[in-house]
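Single-letter residue listing:
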Amino acid sequence: MWEAIRRWFDPSGLRSVGEPPDYRFSLANERTFLAWLRTSLALVGGGLAAAQFLPPLPLRHLREVIAVALLLLGGAVAIRAVDHWARIERAIRLGQELPASRFPAVLALAVGAGAVLLVIAVLVRAVGAS
């Protein structure tokens, strides 16, 4: 684990592995990394927005749970993004098959489940208000 984290901050160590790739592949990997960071920032922004602007929900502390979940998910996406970037860059330089990742599916399921929970909370509030 510490070896992987060290690689994130040591570009010269990453560049010493394998052969220099076609720069287009490295730039594509970097664009993907930046897309993951945008996703992370959106989740963090959503968490802050939930904490500040959601009205109290029918279940006690649900607003805070939603906010904390989004903030944690945003942090996890940022960390996963840099790890994925380093793993892909290493595989490209070594001419290996790109490592598979389940993280996009896990993220999609987490966001989908969160959306379903929010729909339920909104419906419960609407039914309770009428």
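Please refer to the structure placed before this passage.
This is a predicted model, so every value here is computed, not measured.

K.L.:
Even after reading the chapter, I still don't get the packing of helix α4 (residues 62-94) against helix α5 (residues 103-129), so can you show me in this structure?
P.N.:
For any two helices packed against each other, one specifies the inter-axial angle together with the distance between the axes. One can describe the packing of α4 onto α5 by two numbers: an axis separation of 12 Å at closest approach and a directional angle of 165°. Relative to α5, the element α4 lies roughly antiparallel. Between α4 and α5 lies a crossing whose hand is left-handed. Contact with α4, carried on its side by Leu62, Ile66, Leu73, Ala76, Val77 and Arg80, involves Phe103, Leu107, Ala110, Val111, Leu118 and Ala121 of α5 and no other residues of that element. Classifying every residue of the contact of α4 with α5 gives 11 nonpolar, no polar and one charged.

K.L.:
Where do I start with the packing of aromatic side chains in this structure?
P.N.:
Geometry of an aromatic ring pair is reported as the spacing of the ring centres plus the angle between the planes. This model, assessed by the stated rule, comprises two aromatic pairs. Each ring, one from tryptophan 36 and one from phenylalanine 103, has its centre 5.7 Å from the other, and the planes form 55°; the classification is tilted. With tryptophan 36 in helix α3 (residues 23-53) and phenylalanine 103 in helix α5, the pair connects residues that are 67 residues apart, well separated along the chain. Residue class for tryptophan 36 comes out buried when judged on its relative accessible area of 17%.

K.L.:
Would you take a moment to explain α3 for this structure?
P.N.:
Owing to its 3.6 residues per turn, the α-helix aligns residues three or four sequence positions apart on the same side. Between its terminal C-alpha atoms α3 stretches 44 Å, which fits the 45 Å expected from 31 residues at 1.5 Å a residue. Every buried residue belonging to α3 is among Ser26, Asn29, Phe33, Trp36, Ser40, Leu43, Gly47 and Ala50, and all of these are buried. Considering only its buried residues, α3 is in contact with α4 and α5.

K.L.:
I would appreciate a short explanation of the nonpolar core in the present structure.
P.N.:
The nonpolar side chains of a soluble globular protein tend to be buried with one another. Listed in full, the nine residues of the largest apolar core are Phe33, Trp36, Leu43, Leu73, Val77, Ala81, Val82, Phe103 and Leu107. Those elements that place two or more of their residues in this core are α3, α4 and α5. The element that contributes the greatest number of residues to this core is α4, accounting for four residues. Phenylalanine 33 has contacts with Ala81, Val82 and Trp85, leaving out every residue within four places of it along the chain. Within the second largest apolar cluster, six residues are counted, among which are Leu57, Leu62, Ile66 and Ala121.

Reading the values: rules and limits
- Residues numbered from 1 in each chain as written.
- Predicted model: local features only at pLDDT ≥ 70, side-chain atom pairs only at ≥ 80, totals over all residues.
- Heavy atoms only, no water.
- Axes fitted to C-alpha atoms, helices over the stretch in contact; angles between N-to-C directions.
- Helix = DSSP H or I, 4+ residues; strand = E, 2+ residues; numbered from the N terminus.
- Parallel < 35°, antiparallel > 145°, perpendicular 65-115°, else oblique.
- Left-handed = near helix turned anticlockwise from the far one by under 90°.
- Contact = heavy atoms within 4.5 Å.
- Nonpolar A, V, L, I, M, F, W, Y, C, P; charged D, E, K, R; others polar.
- Phe/Tyr/Trp six-rings, centres within 6.5 Å; stacked < 30°, edge-to-face > 60°.
- Buried < 20%, exposed > 50% of the residue type's maximum accessible area, 1.4 Å probe, protein only.
- Expected span 1.5 Å × (residues − 1).
- Core = buried A, V, L, I, M, F, W, Y, C linked by side-chain atoms within 4.5 Å.

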